[in-house]
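Structural overview
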Amino acid sequence: MAARDRHGSGPPFGDVFKVVGTSARKVDGMAKATGEAVFTDDITLPGMLHAKTLRSPHAHARIVAIDTTRAAALPGVRAVITGRDLPGRFGVLPWTQDETALALEKVRFVGEPVAAVAAVDEDTAIDALELIRIEYELLTPHFDPLDALRDDAAPIHDTRERNVSKNVLLEFGDVNAEFARADVVIDEHYSFHGTTHAAIEPHCALARLGADGVLTLYSSTQITHYVQRTVAKVLELPEHLVRVIQPCVGGGFGGKSDPFSLELCVCKLACITGRPVKMLYDREEVFYTHRGRHPMQMHFRTAATREGKLLALDARTVLDGGAYSSFGLVTTYYSGQLLAGPYALDALRFDSTRVFTNKPPCGPKRGHGAVQPRFAFEVQLDELATRLDLDPIELRRRGALPAYTETLNGQRITSNGLLACLTAVERASEWRVRRGRLPFGVGLGVAASMYISGTNYPVYPNEMPQAGIVLEANRSGLVTVLTGSNDIGQGASTIVRMLVAEELGLALDQVRVVAADTDLCPVDLGAYSSRVTFMVGNAAIDACRKLRAKLTSALAAHWETFEGDIVLSEGEAFDRKEPTRRLSLKEAIAIAEAKYDTLATAGSYNTPKLGGAYRGGTIGASPSYSFTAHVAEVRVDDETGRITCEHLYVAHDCGRALNPMLVAGQMDGSAYMGAAEALMEDHDVDERGLHRGPSLLDYPIPTALDVPGLSSLIVESIDPEGPYGAKEAGEGPLHPAVPAIANAVYDAVGVRLRHLPFTPARVLAELEQQRAALEGRRARC
Amino acid sequence: MTSRPAPDPVFAFELNGETVTVSAPAHHTLLELLRYRQGLTGTKQGCDKGDCGACTVLLDGSPVLSCLTLAVTVAGRAVTTIEGLGAEHRRAEGRPHPVQEAFDRSGALQCGFCQPGMLLSSAALLRKNPSPTADEVRAALSGNLCRCTGYAQIIEAVLRAAAVERGEDPPAPAWSIEPRDEEP
Amino acid sequence: MLRMPRFEVSCPESLPEALALLAESELDTRVMAGGTDLLVALKNRLEVPQRVVSLARVGGLDHVTEQEGSLAIGARVTLAQLGASDLVRRLAPALGEAARSVASPQVRQVATIGGNALLSTRCRYYNQSHFWRKALGFCLKKDGTLCHVVEGGKKCVAAASGDTAPALLTLGARVTLESQHGVRALPLLDLYRNDGIANTVLRPDELLTELVVPAQRPGHRGAYEKLRVREAIDYPLLGVAVRLDVDPDSAVVTDVDVVLTALQAKPRRVARIDSLIVGVPIHGEAFEAAAAQLGLRARDQCHPVANVPGDPEYRRKLVPVLVRRALLRAAGAA
Ligand SMILES: Cc1cc2nc3c(=O)[nH]c(=O)nc-3n(C[C@H](O)[C@H](O)[C@H](O)COP(=O)(O)OP(=O)(O)OC[C@H]3O[C@@H](n4cnc5c(N)ncnc54)[C@H](O)[C@@H]3O)c2cc1C
Ligand code: SF4
Ligand code: FES
Ligand code: FES
């Protein structure tokens, strides 16, 4: 398949890139700066109805009866639906489809959707919700995963083992033997709390059933393709009659990567009423929708030699999954699979158990599944460095995997810029002269990580390409690119435009990208697992090469020269040997169209066969990995326990920076988000299952006054298979932020933080314990 | 609830430089009026409770939250939304407002959802203070949450706009590319 | 969008007109100044009035004037104005700091000093949506019969959360309340009651029209310290205002006042502190020791409960720290 071609990492013509590597503006930058950009809630259709969701006030209950008659009779109400109207089960992964659009027999968390109303306006819809009567029979709720695992716990789903959503136990190498020969073992418990995406745009969906029988859904989603499949399945429609369009999306971070209740409800309501129906979640509903970071309790043991060579890691993890599966199966694998790098190990064992609890469902948040174990392991490495009296950067350097190798769980590593990342942060932070020498209360900490650049594992198994692109070169001089990929602000469409412009020698404004409309665009799996630049980029180059061949061969015939001498560059075509032969690309396209008829090509990308030959061996296998290192500089107020992260030095190996400004934006955004998770965010429910604060007031995300100084240092390792050598940049740069801060706190005040979040109260308590221990020691002397 | 709802008040105000006369229910916010009655969807809604700043508009030139402003209370006052920002620049000089240009130039726009509010707060700051320090920019934008950027490129953009208006060189970005060993 | 209950809005142009509207009792009425607290309460259905009287157009409420060192502040003066006012910076620095610490620039642009002084008490079980509170089973303060903060409690202990009140209290501020029945002037402290549900003595037909900060002694200093998660937007988890009067010649403390907020329904003045610090010179170790002592005394008098977010035990530990820091900062700032 063309998909597996290696396109090479050099420029298509000559030795210099014309577009790639520039900080070109975004395709939609000015539209966004002028308010012209259209997000889902900005769309109003004639005759549109407004829908609202009724939610469960109970954490765990059986639905005994629902009476919607009074609501349906309210003037202005056009339709009321409950679980029975949409009984089809769904879920983003085909193996764990445990969701329904509206609760069927049971509710499993406070805030779960139970019924929906479409009415002439929101006021009426809200009034109607109040008129729906539901009788519940309360069941015992479980909020603590260990509690939910007990034999006498109430079952949340019908699972083989009580409330176990997924268990993965894998061992590579002989862990026990490695521990037996170890000089040092660090054995500690760590915990990561829940955090959520908090994209500023709340979820919104708008559906319309056309007279032609086509159901069109506009949705703030990162995964148009999976949404299309899910709508077709649940509404029992042929897939080709469902069209999903993603308008501008106001941030996702993984929080819009599942098909959601509101999408299915507006579709159903539109079908029932024959009118367009919109539903916009309010901020509180977004918190219930969640799919954020899984809380994890981690027991990690690391074995090493006296010299700091890492021998083995033995990890036991309990993941708090919340009420539904979402991507949880993958999360469970990721919690261990991605520990096989970026350091060489002789043995790795992980035993991860995801547990259902009566909380909003967890799912994929930026750095999916790997941020929590990365925290534990990188803190553990710091503990090891302390024990061995080694510089923590040096320890990591010694342990770093080389480029072009395979991890012990069978993941193929290609380009690897980890060492360059470590060097970059070491230099930028003046680590050698500052670490360990700063005054009490100020400290530096390091951590590193690796992450996938897409996965070779589509969420439903199939042999088709993971990314497809269609190009049409128009005699107007415009090349239109159709891509199913989702630009959610990260700049996917901008990258596609840049690649096409580079390949075909076009000016940027000669390339128009049409994205994320399932009627118009070839399938792309969506904006998740950092796959877009790598896969869609490769598909775009693939399509361009085919189009370019037509252009150059038509021109070669026209000029009676060799194809290889034709150069397409900056809106012009010329003959390298005879540069006076020169045409605008508009003219070149016309010549090619005359010769080959309408000019259109398709390109695609699929991963090569990757991963270990064992069950789950493909999960976590990626065509390439990105690498990151952070140094955090913190200031700890020992009277208040408050940690201020003064600066984050972030070095990230993104292969080639196709657009460094956009890469830096992803690095900044990732790093700050990680720091915020460490220091202030906490997504949790109270002892009744009520969310502790479903608002942007009570779930504080940083203001411009709360972010560290950010130095994003772009490291380019040039990947052999990425588009011109590019890899991901949108998720990897988050991972080290959390452990780097923890390790910096140790440098600053000597307190080892193993449990998140690092609230001032917790830090102060740790400092007090430390003081008490010191005094105790002094008293004993 | 009143049994017989009072008729919706009718009032006039200046909207992006033009006087408009509208009627809106007394319990509707300015945000609702702008987005759903005036079709000015550039003003965004992130929380509807005053917590995020996405709905920021300028009221008589100063940034306020349209989700916490009753529509009727803007009677007789001047409201500028993102659609109106830079209108005078476009008319007079055929270019957007310097902050719009700078945000696009610096990569400060990711998803763009916080941007209308962010841009209006920035424009108001630069009007009052054409040479702000980075800390002053942070303070002025502290009521506008952005979840995408980590604020670095936003602050850079505001400083860039200020520098460009003063005829100076824009500040260097905080990011950089590490020197690379030769390609494989 | 979030829905507010249907209500009418009146925008009176003068004080008598406004007072007349408040005197009519057939419609359940709320006063709105900046509306930054009231609108959120309406969206959460914490308030369900039939009419809202906006003060936006009422003349004569937006002055900041000085008379012989005394500061008169109209109730509709915004926190942005106060925060930027040179008069305030000079005569009542703690008030300026407190005003600048409130919420965000956009909120301060419209939020008024009157609204801040009359801010309703806050509680993690109360400042939530109707759905959330219903799922909880409501509470004493609104629609319910239980308190979730104090088990079995019969009295609401929601927290005073306005930032400016403690600063104003240390300055000995007085407030003017007007109704059709006349004018009352009372010390700000007497405006407040220690009841989370009815935390002020303001009557429904009354308006707060003016605050007066009396002339301070020469050598007056003040500061406001606020505990919060973020550097903007957040309400106080603890607020500490201090006033230090210092003899300009000898630089010794002649009087002191410390008021805390975000503890209970009424801001709390720390008692029996004069002896700890009066007579101590503000420069030097003795002052630091006295400030620390004073902090401990404050802690002994404060008992944070789990009304606002954050661990109450932690908030208690922070009382002496914030008190000491406020005193040191006041002493350092001439
Ligand atoms: C996101 C956010 C963050 C916030 N953070 C803070 C914070 O950090 N610190 C803080 O102190 N506050 C905070 N607030 C609350 C509020 O914005 C301020 O307290 C503000 O000062 C209230 O003033 P206002 O004029 O807007 O009050 P309004 O909402 O208009 O009124 C508040 C109350 O006072 C009454 N009232 C107002 N004026 C008068 C008058 N003259 N006579 C009689 N009654 C009157 C009203 O009826 C109402 O009950 C925050 C609000 C939001 C939305
Ligand atoms: S203190 Fe008790 S009664 Fe008062 S608001 Fe909180 S929970 Fe309700
Ligand atoms: S929508 Fe107004 S502040 Fe969030
Ligand atoms: S750019 Fe997405 S929230 Fe700011």
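This is a predicted model, so every value here is computed, not measured. Along each chain, numbering runs from 1 in the same order as the chain's sequence is written. All chains are assigned letters beginning with A, and all ligands numbers beginning with 1, in the order in which they are written. Note on the predicted model: pLDDT of at least 70 is required for a residue's local features to be given, and 80 or more for side-chain atom pairs to be given and counted; whole-chain, interface and lining totals, by contrast, use all residues. Note that water and hydrogens are dropped before the side-chain values are worked out from all heavy atoms of the structure.

**Points about the overall build of chain A**
What counts as a helix is a DSSP run of H or I of at least four residues, what counts as a strand is a run of E of at least two, and both are numbered from the N terminus. Within chain A, the secondary structure is distributed over 19 helices and 28 strands. The atom set for the radius of gyration is the C-alpha atoms, and the globule formula is 2.2 Å times the number of residues raised to the power 0.38. Relative to the compact-globule value of 28 Å for 781 residues, chain A shows a C-alpha radius of gyration of 27 Å, a close match. In terms of its C-alpha atoms, chain A occupies a principal-axis envelope of roughly 95 × 70 × 50 Å. Burial here depends on accessible area, computed with a 1.4 Å probe over protein chains only, as a share of the maximum for the residue type. Under 20% is buried, over 50% is exposed, and the range in between is partly exposed. Counting the 781 residues in chain A, one finds 69% classified as buried. Separation between the mean location of the 81 positive side-chain charges and that of the 98 negative ones in chain A comes to 2 Å. Counted as positive: Lys and Arg. Counted as negative: Asp and Glu. His and the chain ends are not counted at all. For charged residues, the charge sits on one atom: NZ in Lys, CZ in Arg, CG in Asp, CD in Glu.

**Let's talk about the overall build of chain C**
A tally of regular secondary structure across chain C gives 13 helices and 12 strands. Taken over the C-alpha trace, chain C has a radius of gyration of 20 Å; the compact-globule value for 334 residues is 20 Å, and the two agree within 12%. Split into buried and exposed, the 334 residues of chain C put 57% on the buried side. Here, residues are in contact when the closest pair of their heavy atoms is within 4.5 Å. Considering only contacts in chain C between residues 6 or more positions apart, those separated by 24 or more positions represent 62%.

**Things to note about the side chain of Arg293 of chain A**
Residues and elements named next belong to chain A. Locating Arg293 in the fold gives a position in the loop between helix H8 (283–289) and strand E13 (296–304). You can call Arg293 buried: its relative accessible area is 2%. Pairs of N or O atoms are called polar contacts if they sit within 3.5 Å, as long as, within protein, a hydrogen donor faces a hydrogen acceptor (for residues adjacent in sequence, only side-chain-to-side-chain pairs). Within the structure, the side chain of Arg293 is placed 2.7 Å from the side chain of Glu677, a separation counted as a polar contact.

**Focus on the site of ligand 1**
The criterion for a residue being near a molecule or strand is simple. One of its heavy atoms has to lie within 4 Å of it. If you check the shell around ligand 1, you find 35 residues, and the closest are Val31, Gly34, Thr36, Thr112 and Asp163 of chain C. Near ligand 1, the surrounding residues belong to chains B and C. One of the backbone N or O atoms of Gly34 of chain C is found 2.7 Å from an oxygen atom in ligand 1. One of the side-chain N or O atoms of Lys226 of chain C is found 2.9 Å from an oxygen atom in ligand 1. The Shrake-Rupley method, run with a 1.4 Å probe sphere, supplies the accessible areas, and residue values consider only the shown protein chains as cover. Protein chains shield 96% of the accessible area of ligand 1, which is 960 Å² for the free molecule. Within the residue set of the shell around ligand 1, elements represented by two or more residues are strand E2 (29–32), helix H7 (113–117) and strand E8 (207–213) of chain C. With three residues, the single largest contributor to the shell around ligand 1 is H7 of chain C. Throughout, the ten residues Ala, Val, Leu, Ile, Met, Phe, Trp, Tyr, Cys and Pro are labelled nonpolar, Asp, Glu, Lys and Arg are labelled charged, and all others, Gly among them, are labelled polar. Its residues assigned to classes, the shell around ligand 1 comprises 19 nonpolar, 10 polar and six charged.

**Points about the interface of chain B and chain C**
The interface of chain B with chain C comprises 34 residues on the first partner and 29 residues on the second. Buried area: the sum, over both parts, of the accessible surface (1.4 Å probe) that disappears when the two are put together. Both faces considered, chain B and chain C share a buried interface measuring about 2800 Å² in area, 64% of it formed by carbon and sulfur atoms. When a carboxyl oxygen of Asp or Glu is within 4 Å of a side-chain nitrogen of Lys or Arg, the pair counts as a salt bridge. Seen at the junction of chain B and chain C, the total is two salt bridges. Of the charged contacts in the structure, one is a salt bridge between Asp48 of chain B and Lys43 of chain C, with a shortest N-O distance of 2.8 Å. Residue assignment for the side of chain B that touches chain C shows that the elements contributing at least two residues are helix H1 (30–37), strand E4 (62–65) and helix H5 (134–140) of chain B. Looking at the side of chain B that touches chain C element by element, the count peaks at four residues for E4 of chain B.

**As for the sheet that holds strand E8 (residues 184–192) of chain A**
All names here are of chain A. Strand order in the open sheet formed by five strands is E7-E15-E14-E13-E8, with mixed pairing between adjacent strands. If you trace the sheet from one side to the other, it starts and ends with strand E7 (164–172) and E8, each paired once. Sheet twist, expressed as the average angle between the axes of neighbouring strands with direction ignored, equals 5 degrees. With nine bridges connecting them, E13 and strand E14 (residues 310–322) associate as antiparallel partners. Directly across from Phe300, in E14, lies its bridge partner Ala315. Between N-to-C directions, angles span 0 to 180 degrees; the directions come from axes that are lines fitted to C-alpha atoms, helices contributing only their stretch in contact. Packed onto the sheet, helix H10 (residues 371–388) meets E8, E13 and E14 and runs at close to 145 degrees relative to E8. The criterion for strand pairing is that DSSP finds at least two bridges linking the strands in question.

**What about the interface of chain A and chain B?**
Each side of the interface is counted separately: chain A has 63 residues, and chain B has 51 residues. Here chain A is connected to chain B by seven salt bridges. One salt bridge connects Glu681 of chain A with Arg147 of chain B, and the closest N-O pair in it is separated by 2.8 Å. Viewed at the interface, chain B and chain A are joined by 27 residue pairs in polar contact (both at pLDDT 80 or more). Sorting the residues of the side of chain A that touches chain B by element identifies helix H1 (29–33), strand E12 (277–280), helix H12 (418–428), helix H17 (660–679) and strand E28 (709–715) of chain A as the ones contributing at least two each. Residues of the side of chain A that touches chain B, tallied by class, amount to 31 nonpolar, 17 polar and 15 charged. As paired strands, E28 of chain A and strand E6 (residues 176–177) of chain B are joined by two bridges and run parallel to one another.

**Points about the sheet that holds strand E4 (residues 64–67) of chain C**
All names here are of chain C. Taking strand neighbours across the sheet as the criterion, the five strands line up as E4-E5-E8-E6-E7 in an open arrangement whose pairing is antiparallel. With one partner strand each, in any of the chains shown, E4 and strand E7 (182–187) form the two edges of the open sheet. Each strand axis lies, on average, 20 degrees off the axis of its neighbour in the sheet, ignoring direction. Helix H1 (residues 15–23) rests against strand E6 (174–179) and E8 of the sheet, and its axis sits at about 130 degrees to E8.

**Observations concerning the site of ligand 2**
Near ligand 2, the surroundings consist of Cys123, Tyr125, Tyr126, Cys139, Leu140, Lys141, Cys147, His148, Val149, Cys156, Val157 and Ala158 of chain C. Grouping the constituent residues of the shell around ligand 2 by class yields 10 nonpolar, one polar and one charged.

**Observations regarding the packing of H10 of chain A against helix H18 (residues 737–749) of chain A**
Residues and elements named next belong to chain A. It is at 8 Å that the axes of H10 and H18 come closest, and there the two elements cross at 30 degrees. Judged by the inter-axis angle, H10 sits roughly parallel to H18. In the crossing of H10 with H18, the sense of the turn from one axis to the other is right-handed. Contacts between H10 and H18 pair Arg374, Phe375, Glu378, Val379, Asp382 and Thr386 from the former with Val738, Pro739, Ala742, Asn743 and Tyr746 from the latter. By residue class, the composition of the contact of H10 with H18 is six nonpolar, two polar and three charged. Between 65 and 115 degrees an angle is taken as roughly perpendicular, under 35 as roughly parallel, over 145 as roughly antiparallel, and anywhere else as oblique. Take the far helix as the reference: if the near one is turned anticlockwise from it by less than a right angle, the crossing is left-handed, and if turned clockwise, right-handed.

**Quick word on the nonpolar core**
The term nonpolar core refers to a set of buried residues drawn from Ala, Val, Leu, Ile, Met, Phe, Trp, Tyr and Cys, joined through side-chain atoms within 4.5 Å. Val500, Ile741 and Phe758 of chain A are the most contacted members of the largest nonpolar core, which totals 254 residues. At 15 residues, helix H15 (residues 532–559) of chain A tops the list of elements feeding residues into this core. Val500 of chain A has contacts with Leu471, Val479, Val481, Gly505, Leu506, Val511, Ala540 and Cys544 of chain A, leaving out every residue within four places of it along the chain. Of all hydrophobic cores here, the second largest spans 67 residues; its members include Leu30, Leu68 and Ala75 of chain B together with Leu82 of chain C.

**Some details on the domain arrangement of chain A**
All names here are of chain A. The domain limits used here are those given by an automatic or database domain assignment. If you check the domain split of chain A, you get domain 1 (2–37 + 465–605), domain 2 (40–139 + 197–289) and domain 3 (296–457 + 612–773). One C-alpha centre belongs to domain 1, the other to domain 3; they are set 36 Å apart. Contact residues are listed per partner, giving 34 residues for domain 1 and 31 residues for domain 3. Overall, the association of domain 1 and domain 3 removes approximately 2400 Å² of surface from exposure, summing both partners, and the carbon and sulfur fraction of that is 61%. Looking at the side of domain 1 facing domain 3, the largest losses of area belong to Ser529, Ser530 and Phe534, adding up to 26% of the total buried there. Linking domain 1 with domain 3 are zero salt bridges. Viewed at the interface, domain 3 and domain 1 are joined by 10 residue pairs in polar contact (both at pLDDT 80 or more).

**What about helix H12 (residues 285–301) of chain C?**
All names here are of chain C. Between its first and last C-alpha, H12 extends 25 Å over 17 residues, near the 24 Å set by a 1.5 Å rise per residue. Along H12, the positions that sit buried rather than exposed are Phe287, Ala290, Ala291, Leu294, Gly295, Ala298 and Gln301. Down the axis of H12, the smallest arc covering the buried residues is 145 degrees, so these residues share one side. Contacts made by the buried residues of H12 are with strand E10 (238–246), strand E11 (253–261), strand E12 (268–269), helix H11 (274–277) and helix H13 (312–332). What a helix should span is 1.5 Å times the count of its residues minus one. The arc in question is the one spanned by the directions pointing from the helix axis to the C-beta atoms.

**Observations concerning the domain arrangement of chain C**
Domain parsing of chain C yields domain 1 (1–51) and domain 2 (221–331). Averaged C-alpha coordinates put domain 1 of chain C and domain 2 of chain C at centres separated by 36 Å.

**Structural notes on the pattern of salt bridges**
Considering all chains together, one arrives at 89 salt bridges over all chains under this definition. Of the charged contacts in the structure, one is a salt bridge between Glu768 of chain A and Lys317 of chain C, with a shortest N-O distance of 3.0 Å. Pair noted here: Glu768 of chain A is in helix H19 (residues 760–780) and Lys317 of chain C is in helix H13, and the two residues belong to different chains. Within the structure, one salt-bridge network assembled from shared partners comprises Asp41, Asp42 and Lys278 of chain A together with Arg35 and Lys44 of chain B.

**A short note on the confidence of the model for chain C**
The quantity called pLDDT is the predictor's confidence in a given residue, expressed from 0 to 100. Residues at a pLDDT of 70 or more form 99% of chain C, whose mean pLDDT is 96. Here the prediction assigns the complex a pTM of 0.98, and the interface score ipTM is 0.97.

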